[in-house]
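Spelled out, the chains give:
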Amino acid sequence: RLCVTLCQIQFVEDKQEFSRFPTKTGRRSLSRSISQSSTDSYSSAASYTDSSDDETSPREKTQLNSKGTGDFCVKNIKQAEFGRREIEIAEQDMSALISLRKRAQGEKPLAGAKIVGCTHITAQTAVLIETLVALGAQCRWTACNIYSTQNEVAAALSEIGVAVFAWKGESEDDFWWCIDKCVNMEGWQPNMILDDGGDLTHWVYKKYPNVFKKIRGIVEESVTGVHRLYQLSKAGKLCVPAMNVNDSVTKQKFDNLYCCRESILDGLKRTTDVMFGGKQVVVCGYGEVGKGCTAALKAMGSIVYVTEIDPICALQAWVCAGAFRLVFPSGLLGNKSVVTRDQLDRMKNGSIVCNMGHSNTEIDVASLRTPELTWERVRSQVDHVIWPDGKRVILLAEGRLLNLSCSTVPTFVLSITATTQALALIELYNAPEGRYKQDVYLLPKKMDEYVASLHLPTFDAHLTELSEEQAKYLGLNKNGPFKPNYYRYKCPSHIPFKGHPNGSVMHPPQPQNELSMATSSKAFNDIKFIHFTNIFM
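Everything numeric here is computed off the predicted structure, so don't read it as measured data.

Reading the values: rules and limits
The numbering scheme is per chain: residues are counted from 1 as the chain's sequence reads. Thresholds applied to this predicted model are a pLDDT of at least 70 for local features of residues and 80 or more for the giving and counting of side-chain atom pairs; totals over whole chains, interfaces and linings are not thresholded and use all residues. Values reported for side chains reflect all heavy atoms of the structure, with hydrogen atoms and water molecules removed beforehand. Patch criteria: residues need more than 30% relative accessible area and no salt bridge. Like-charged residues are merged within 9 Å; nonpolar side chains of Val, Leu, Ile, Met, Phe, Trp and Tyr are merged within 5 Å. Accessibility throughout is a Shrake-Rupley quantity obtained with a 1.4 Å probe, and a residue counts as covered only by protein chains that appear here. Every case where a carboxyl oxygen of Asp or Glu lies within 4 Å of a side-chain nitrogen of Lys or Arg is listed as a salt bridge. Segments assigned H or I by DSSP are reported as helices when at least four residues long, segments assigned E as strands when at least two residues long, and all are numbered from the N terminus. For helices, the fitted line uses only the C-alpha atoms of the stretch in contact; every axis is such a line through C-alpha atoms, and the angle between N-to-C directions lies from 0 to 180 degrees. Here the word oblique covers every angle except those under 35 degrees (roughly parallel), over 145 (roughly antiparallel) and from 65 to 115 (roughly perpendicular). Helix crossings are classified by the rotation of the near helix relative to the far one: an anticlockwise turn of less than a right angle makes the crossing left-handed, while a clockwise turn makes it right-handed. Contact definition: two residues touch when any of their heavy atoms are within 4.5 Å. Under the scheme applied, nonpolar residues are Ala, Val, Leu, Ile, Met, Phe, Trp, Tyr, Cys and Pro; charged residues are Asp, Glu, Lys and Arg; polar residues are all the others, including Gly. The span you would expect from a helix comes to 1.5 Å times its residue count less one. Think of it in three bands: residues with accessible area under 20% of the maximum for their type are buried, residues over 50% are exposed, and the middle band is partly exposed, with areas taken using a 1.4 Å probe on protein chains only. Confidence scores labelled pLDDT are given residue by residue by the predictor and lie between 0 and 100. Pairing between strands is defined by DSSP: at least two bridges between them are needed. When the strands point away from the viewer, a crossover counts as right-handed if the path from the first strand over the helix to the second runs clockwise. In this text, buried Ala, Val, Leu, Ile, Met, Phe, Trp, Tyr and Cys residues form a nonpolar core when linked through side-chain atoms within 4.5 Å.

A. Looking closely at a nonpolar patch on the surface. On the surface, Leu315, Trp318 and Val319 cluster together into a nonpolar patch covering about 320 Å² of accessible area. By the element assignment, Trp318 lies in helix 12 (residues 311-320).

B. The environment of Gly290, seen in detail. Mapped onto the elements, Gly290 comes out in helix 11 (residues 288-299). Taking the C-alpha atoms as reference points, Gly290 and Cys313, 23 residues apart in sequence, are found 9.8 Å from one another.

C. How the structure looks around the packing of helix 10 (residues 249-272) against helix 15 (residues 411-430). Between helix 10 and helix 15, the least distance of the axes is 9 Å, while the angle of their chain directions is 150°. Of the possible angle classes, the one that applies to helix 10 and helix 15 is roughly antiparallel. Between helix 10 and helix 15 lies a crossing whose hand is left-handed. Taking contact as the criterion, the partners of Thr250, Lys251, Phe254, Asp255 and Cys259 in helix 10 are, on helix 15, Val413, Leu414, Ile416, Thr417 and Thr420. A per-class count over the contact of helix 10 with helix 15 returns five nonpolar, three polar and two charged.

D. Structural context of helix 6 (residues 172-183). Taking 1.5 Å per residue, 12 residues should reach 16 Å; helix 6 reaches 17 Å between its end C-alpha atoms and fits that length. Turning to helix 6, its buried residues are Asp174, Phe175, Cys178, Ile179, Asp180, Cys182 and Val183.

E. Spatial organisation of the confidence of the model for the protein. Overall, the prediction assigns the protein a mean pLDDT of 80, with 77% of residues at 70 or greater. Confidence drops under pLDDT 50 across residues 329-334; counting only partners more than four residues distant or on other chains, this segment forms 14 contacts. For residues 509-537, every residue scores under 50 in pLDDT, and the model assigns this stretch 50 contacts once sequence neighbours within four places are set aside.

F. The arrangement of the sheet that holds strand 15 (residues 440-442) in detail. The sheet built from seven strands is open, its strands ordered 4-3-2-5-6-7-15 with parallel pairing. Strands with a single pairing partner mark the edges of an open sheet, and in this sheet they are strand 4 (163-165) and strand 15. If you compare each strand with its neighbour and ignore which way they point, the axes differ by 20° on average. The pairing of strand 7 (residues 242-244) with strand 15 spans three bridges and is classified as parallel. Bridge pairing in strand 15 links Ala242 to Val440. Packing of helix 4 (residues 123-134) onto the sheet brings it into contact with strand 2 (114-119), strand 3 (138-143) and strand 5 (192-195), and relative to strand 3 it is tilted by some 160°.

G. Main features of the pattern of salt bridges. Using the criterion set out here, one finds 18 salt bridges in the structure. In this structure, Arg84 and Glu130 form a salt bridge, with 2.7 Å as the shortest nitrogen-oxygen distance. Of this pair, Arg84 sits in helix 2 (residues 80-92) while Glu130 sits in helix 4, placing them 46 residues apart in sequence. In this structure Arg84 comes out as partly exposed when scored by relative accessible area, which is 23%. Two residues, Arg270 and Asp266, come together in a salt bridge whose shortest N-O distance is 2.7 Å. Here Arg270 pairs with Asp266, and both are found in helix 10, just four residues apart, close to one helical turn. Looking at Arg270, the relative accessible area reads 33%, which means it is partly exposed. One continuous salt-bridge network, built from bridges that share partners, spans Arg369, Arg377, Asp383 and Glu398.

H. Expanded view of the pairing of strand 8 (residues 280-284). Among the five residues of strand 8, four are classified as buried, and the element is accordingly described as predominantly covered. Alignment of strand 8 against strand 9 (residues 303-307), held across five bridges, turns out to be parallel. Looking at strand 9, one finds that Cys284 is bridged to Thr307. This β-α-β element, strand 8 to helix 11 to strand 9, shows right-handed connectivity.

I. Up close: the nonpolar core. Judged by nonpolar contacts, the single largest core of 58 residues is most densely connected at Leu110, Ile115, Ile121, Leu132, Trp141 and Val164. Breaking this core down by element, the ones donating at least two residues are helix 2, helix 3 (95-104), helix 4, strand 3, helix 5 (151-159), strand 5, helix 15 and helix 16 (445-455). No other element matches helix 15, which puts 10 residues into this core. Not counting the four nearest positions on each side in its chain, Ile121 is found in contact with Trp141, Thr142, Ala143, Ser148, Thr149, Gln150, Val153, Ala154, Leu157, Val164 and Ala166. Counting residues in hydrophobic clusters, the runner-up holds 32 residues, among them Tyr147, Ala163, Trp167 and Leu200.

J. Inspection of the pairing of strand 3 at higher detail. Here strand 3 lies mainly inside the structure; five of its six residues are buried. Bridge count for strand 2 against strand 3 is six bridges, and the pairing is parallel. The residue bridging Lys114 from the neighbouring strand is Gln138, located in strand 3. As a crossover connection, the stretch from strand 2 through helix 4 into strand 3 is right-handed. Bridge count between strand 3 and strand 4: three bridges; the pairing is parallel. Along strand 4, the bridge assignment pairs Trp141 with Val164.

K. Representation of the packing of helix 10 against helix 11. Between helix 10 and helix 11, the least distance of the axes is 7 Å, while the angle of their chain directions is 40°. Our classification of the angle between helix 10 and helix 11 gives oblique. For helix 10 against helix 11, the interelement crossing comes out right-handed. For the pair helix 10 and helix 11, contact is made by Gln252, Lys253, Asn256, Leu257, Cys260, Arg261, Ile264, Leu265 and Leu268 and by Glu288, Val289, Lys291, Gly292, Cys293, Ala295, Ala296 and Leu297, respectively. Here the contact of helix 10 with helix 11 is built from residues that sort into 10 nonpolar, three polar and four charged.

Below, the structure is given as structure tokens:
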């Protein structure tokens, strides 16, 4: 479930006259275009880039890396050294992904793979991209969010030969131009897609249908993108197999829940310096993201209200999570226009509005771009939207994803997600013809367990092993998988319980010969990656 977090912070008494805060003459009108708003190149605390940078659009520059190649478009290739340092820092907390790289690079399981990716471009994503390259893939990359790119990291990737087309503060036109540059390359045609949000998949499907038909597999990691894939599948228009990474247990529990539990506070603190104790906060949606956000805010002393359309999630919010108050304002139904102009009009002076969902449709920002309202840039990714009576609402990242636009997220969590993405790409690329049909598949339980096992050594953790007698009693292979496919670590709230619009569970076919799986922990760890797909079934 996408979660929009709305912090309603009252700085003044309800009856105070907003006219005491008249708008200044000469302030920028909200009627400025969205493209101009998007091209304001401000940096987050996560980037070395600052407002003193050359404001020339990267599209108008001719840049070459040290090898003399220019198949990229980034803010400033000279920042590559800074980006390399950030990538090296990220690698320290992504030991599982590095371990996967070392184990598999001899086998080159992605040799011949031409991967086009559209994700957040951060130091952590760079570790994933370099892992894919080490495993034999050719990669071209762009950003799924116009504000989340770390310019120095994009430069570092471009320096080593990865074709990156992204920079922080792209316009809407830049965003689609970058996607097209990744896909439309003479003499190079992608055969794999790694997407975050579905924009890349949508672009290839619409603009390059012949290319789309030749794609061997799509890996999608966001609620929004998965929803769009299921729509294509239901309409019979999905002509390639796709992996739904978002609903893997490791992704849901760590990236969606635990990551947001930490990053929501980081994003709000960096942008507003707000104290959370005693503030009244409305969290729209109590899925995994909502659970993480509410837990963090409540722990900081905020009074938390939750809005929900799902009675099960609503009951969880009330009973299981410490009796959050449930409120049901009109219009909070789904992931479009979750926060409407009418609700924004009724907010108190000084309210903070932000989004923890992937896309920019949850908050009706377009309705705020009218002549009677004034926008005032306060700092990077922070705007005052000023009403005629002087009331101010603080809007963060222009309604886009807060944590990656305004702060950072825990590297360890992204290691889990990145490892899952890498394994999903390996599985789809190496799967024999006919194993996967033209549909959306949930990740095999065995892969989730393998991802988790790769990260346990970080904490010097050791698994208890079942005895033969215990495994026989439970009806399990002693090396896993340890839970049946219907076991719910969570209850997906954006798709039917069984995981597919037609009510069927789309898991990879089970192997006819169970001996093809590893039969011991050592064998599992040493398995050759040329036969890696066997462990996923």
